[in-house]
Amino acid sequence: QVQLVESGGGLVQPGGSLKLSCAASGIIFKIYAMGWYRQAPGKQRELVASIGSTNTTEYAESVKGRFTISRDNAKNTVYLQMNSLKPEDTAVYYCHRDGLYGGDFGSWGQGTQVTVSS
């Protein structure tokens, strides 16, 4: 059974930093692309950053230059380093495992709350 567990969320002041972690189990982690999504109240879930099995990365325009996604295959963990945080970054952040083939729709973590406020 696939399990993704996020951690590292919390309350941070504007301009501050936070690092999220997503620990995966039940999969051969290194072969999967992984992503971080976020969802604010009343808004759709959006892709924040993704990282491929070969460490290629993509970012939402709103977080470019501020967020960095990385992975440690030895620890079965994907990270999201968030710097220069803004109030509009406030959301529940979710870890996602991408599918490997057409019939695989991926898996979601339970989410971790990030609140950027004074």
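These lines cover the structure that appears in this document, whether it is placed above or below. Values in this document were obtained by computation on a predicted structure and should not be read as measured data.

## Digging into the packing of aromatic side chains
For any two aromatic rings, the description comes down to two numbers: the centre-to-centre distance and the angle of the planes. Evaluation of the coordinates by the stated rule reveals two aromatic pairs. Between Y37 and W108 the ring centres are 4.9 Å apart and the planes differ by 70°, which places this aromatic pair in the edge-to-face class. Placement of Y37 in strand β4 (residues 34–39) and of W108 in strand β10 (residues 107–108) is noted, with a sequence separation of 71 residues between them. Here Y37 falls in the buried class, since its relative accessible area comes to 19%. A residue is classified by how much of its surface remains accessible, and W108, at 40% relative accessible area, is partly exposed. Aromatic pair Y94 and W108: ring centres 6.3 Å apart, planes at 85°, arrangement edge-to-face. Taken together, the residues span a long stretch of sequence, with Y94 in strand β9 (residues 91–97) and W108 in strand β10 at a distance of 14 residues.

## Quick look at a nonpolar patch on the surface
The grouping of I28, I31, L100 and Y101 at the surface amounts to a nonpolar patch, some 420 Å² of accessible area in total. The class for I28 is exposed, based on a relative accessible area of 55%.

## Structural notes on the pairing of strand β5 (residues 46–51)
As defined by bridge partners, β4 adjoins β5 across five bridges and the pair is classed as antiparallel. Directly across from G35, in β5, lies its bridge partner S50. Two successive antiparallel strands, β4 and β5, enclose a turn made up of six residues, where G42 displays a positive phi of approximately 80°. Bridge count for β5 against strand β6 (residues 57–59) is three bridges, and the pairing is antiparallel. Counterpart to S50 in the pairing with β6 is E58.

## Regarding the environment of D98
Inspection of the secondary structure puts D98 in the loop between β9 and β10. D98 sits 48 residues away from S50 along the chain, and the two C-alpha atoms are 9.5 Å apart. Setting aside its immediate chain neighbours within four residues, D98 contacts Y32, A33, D104 and G106. Looking at D98, its side chain comes within polar contact range of the side chain of H96, at 3.1 Å.

## So, the sheet that holds strand β1 (residues 3–7)
With antiparallel pairing, four strands are arranged side by side in an open sheet as β1-β3-β8-β7. Both outer strands of the open sheet, β1 and β7 (67–72), are each paired with one neighbouring strand and no more. On average, adjacent strands in this sheet sit at an angle of 15° to one another, irrespective of strand direction. As paired elements, β1 and strand β3 (residues 18–25) share five bridges and run antiparallel to each other. Following the sheet pairing, V5 is matched in β3 by A23.

## Brief notes about unusual backbone geometry
Backbone geometry places N55, a non-glycine residue, at a positive phi of 75°. Within the element layout of this structure, N55 appears in the loop between β5 and β6. Note on N55: relative accessible area 48%, which makes it partly exposed. Even without glycine at this site, S84 takes up a positive phi of about 50°. With respect to the helices and strands, S84 occurs in the loop between β8 (77–82) and β9. For S84, a relative accessible area of 41% corresponds to the partly exposed category.

Parameters and conventions
- Residues numbered from 1 in each chain as written.
- Predicted model: local features only at pLDDT ≥ 70, side-chain atom pairs only at ≥ 80, totals over all residues.
- Heavy atoms only, no water.
- Phe/Tyr/Trp six-rings, centres within 6.5 Å; stacked < 30°, edge-to-face > 60°.
- Helix = DSSP H or I, 4+ residues; strand = E, 2+ residues; numbered from the N terminus.
- Buried < 20%, exposed > 50% of the residue type's maximum accessible area, 1.4 Å probe, protein only.
- Patch = residues over 30% accessible without salt bridge, like charges linked within 9 Å, V, L, I, M, F, W, Y side chains within 5 Å.
- Areas by Shrake-Rupley, 256 points an atom, 1.4 Å probe, with all protein chains shown as cover.
- Salt bridge = Lys/Arg side-chain N within 4 Å of Asp/Glu carboxyl O.
- Pairing = 2+ DSSP bridges.
- Contact = heavy atoms within 4.5 Å.
- Polar contact = N/O pair within 3.5 Å; in protein donor to acceptor, adjacent residues only side chain to side chain.
- Axes fitted to C-alpha atoms, helices over the stretch in contact; angles between N-to-C directions.

Taken by themselves, the reported measurements are silent on function.
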